[in-house]
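Summary of the model geometry
Listed below, chain by chain, are the residues.
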Amino acid sequence: MKKRTSMATRAVHAGEKPPPSATVPKVPPIYASSVFTFDRLDRIDEVYEGKTPGYVYSRQGNPGIDLLEQAVCSLECGSDGVAFASGMAAITCSVLALVGSGDHVVAGRVLYGGTHTFFKDDLPKRGVETTFVDMNDLEEVRSAMRPNTKLVYCETISNPLMEVADLSALAGIAHAAGALLVVDNTFASPVLCRPLEHGADVSINSATKYLNGHSDITGGVAVFAPYVAGVDARGEDVGGSGSTEQSPAAKVRALAALYGFFFSGLFTWRKGVVRMDQQQSARAAIDLVDRELRFADWVKIESGGAEIRYKFSSDPYHESEQYFRRFRLSGEQLLLETVLGGSVSSSNVAAGGISAVSFEIDGSNNVHISITAGSGEGAVTLQSSVRPRNLPKPASP
Ligand SMILES: Cc1ncc(COP(=O)(O)O)c(C=O)c1O
């Protein structure tokens, strides 16, 4: 009989190796391991030198974290992503990796408090000065730029004042001065805006918010635009192809690995993005219905509340009972239809994911609208109440 190892050894090592399998899990497993084992000692060097793919130590790389980085990179349409332990870790590490003593930053006056404190109180201790400007005043931004300005930093939608940055204009100002544009995209999320498509060099999300969506992790991800070594931010050749200068992504990754800023939470972040997407579909649909009905002078609820017919006095066929417009749900699309006599012309106003609509008129002629996008746990329902301007009118055609 094979000699058993001790109870203590079995307690620690039994069940350590996954059973051999011709299949792979559909959902990537969480690699809750700080270190990885090797069957041959020389493999460690091969992996460290990048000659063989693999992982050695989770502070430097972990399969689950790599997948998270790839996924957010794909959402943000970037070329490389680095995941962090929190949004603040992503911001502080990215900025620290991209500026040094003697450098200057131009940052928005209205920023998330933690970020503002970092620029105002911490960076000066490291020899980096920040000028805070009104990001909506492009002249102020332009005149704050100095020869040693390395970064322009803003939020796509600022926290807490919800100011919206003109990213293309800011990228133009930053690049003309040889600086990078770094954007905190947390409040927009890649569903609403992908800053790299507007010229930003780095887009950062606190994954604690929309990217996750379940309030069960803290995390952050920085995503980088493609970088060509030896070309400055204006696109001018500064070092030729032989340049050994590291890309911003490589600098940030190196600092994150050195000091362990990395993400180490569970891989449960996808739902937030899907939810945000559904929220957008429902929002777009409800805004349109709300806008249309506001000017109606005749409305009627049909099909048990699932359809609404309406007309405007400004319509040429207003008096005709054969004429009306209506919103109705067909499959996953909300249709806006114009009916004249027997003929119907239809346009699809909210594609994808609308699963329920309902309309109700109360005794004061307020129309209550409810639109749901998605289904099951992730469904998003938005409601609005509108008082059509020209009601009351006939209750039926
Ligand atoms: C716009 C914005 N950026 C960054 C952060 C920081 O993210 P975290 O809390 O994940 O560190 C926050 C947090 O509220 C935020 O609102």
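This write-up is about the structure you can find in this document. All values derive from a computational prediction rather than experimental measurement.

**Some thoughts on the site of the ligand**
Taken together, the neighbourhood of the ligand is formed by 14 residues, with Ser 86, Gly 87, Met 88, Ser 206 and Thr 208 sitting nearest. The class makeup of the residues in the shell around the ligand is 3 nonpolar, 9 polar and 2 charged.

**A look at the environment of Gly 127**
Positionally, Gly 127 belongs in the loop between helix H5 (113-122) and strand E3 (129-133). On the basis of neighbour count, Gly 127 is assigned to the exposed category, with 11 C-beta atoms found within 10 Å. On a C-alpha basis, the gap between Gly 127 and His 116 in space is 16 Å, while along the polypeptide they are 11 residues apart. Setting aside residues up to four positions removed in sequence, Gly 127 forms contacts with Ser 101 and Gly 102.

**Focus on the sheet that holds strand E7 (residues 220-224)**
One open sheet holds the 7 strands; their spatial order is E1-E7-E6-E5-E4-E2-E3, and the pairing between them is mixed. Looking at strand neighbours, the two that pair on one side only are strand E1 (80-84) and E3, the edges of this open sheet. The average angle at which neighbouring strand axes cross in this sheet is 20°, direction not considered. Here strand E2 (residues 104-108) runs beside E3; their pairing, made up of 5 bridges, is parallel. Within E3, the residue paired with His 104 across the bridge is Glu 129. Contacting E1, strand E5 (180-184), strand E6 (202-206) and E7, helix H9 (residues 248-259) runs over the sheet at an angle of about 25° to E1.

Procedures and definitions
- Residues numbered from 1 in each chain as written.
- Predicted model: local features only at pLDDT ≥ 70, side-chain atom pairs only at ≥ 80, totals over all residues.
- Near = placed C-beta within 6 Å.
- Nonpolar A, V, L, I, M, F, W, Y, C, P; charged D, E, K, R; others polar.
- Helix = DSSP H or I, 4+ residues; strand = E, 2+ residues; numbered from the N terminus.
- Buried ≥ 20, exposed ≤ 12 C-beta atoms within 10 Å, placed from the backbone.
- Contact = placed C-beta atoms within 7 Å.
- Pairing = 2+ DSSP bridges.
- Axes fitted to C-alpha atoms, helices over the stretch in contact; angles between N-to-C directions.

Shape is all these values report; function is a separate question.
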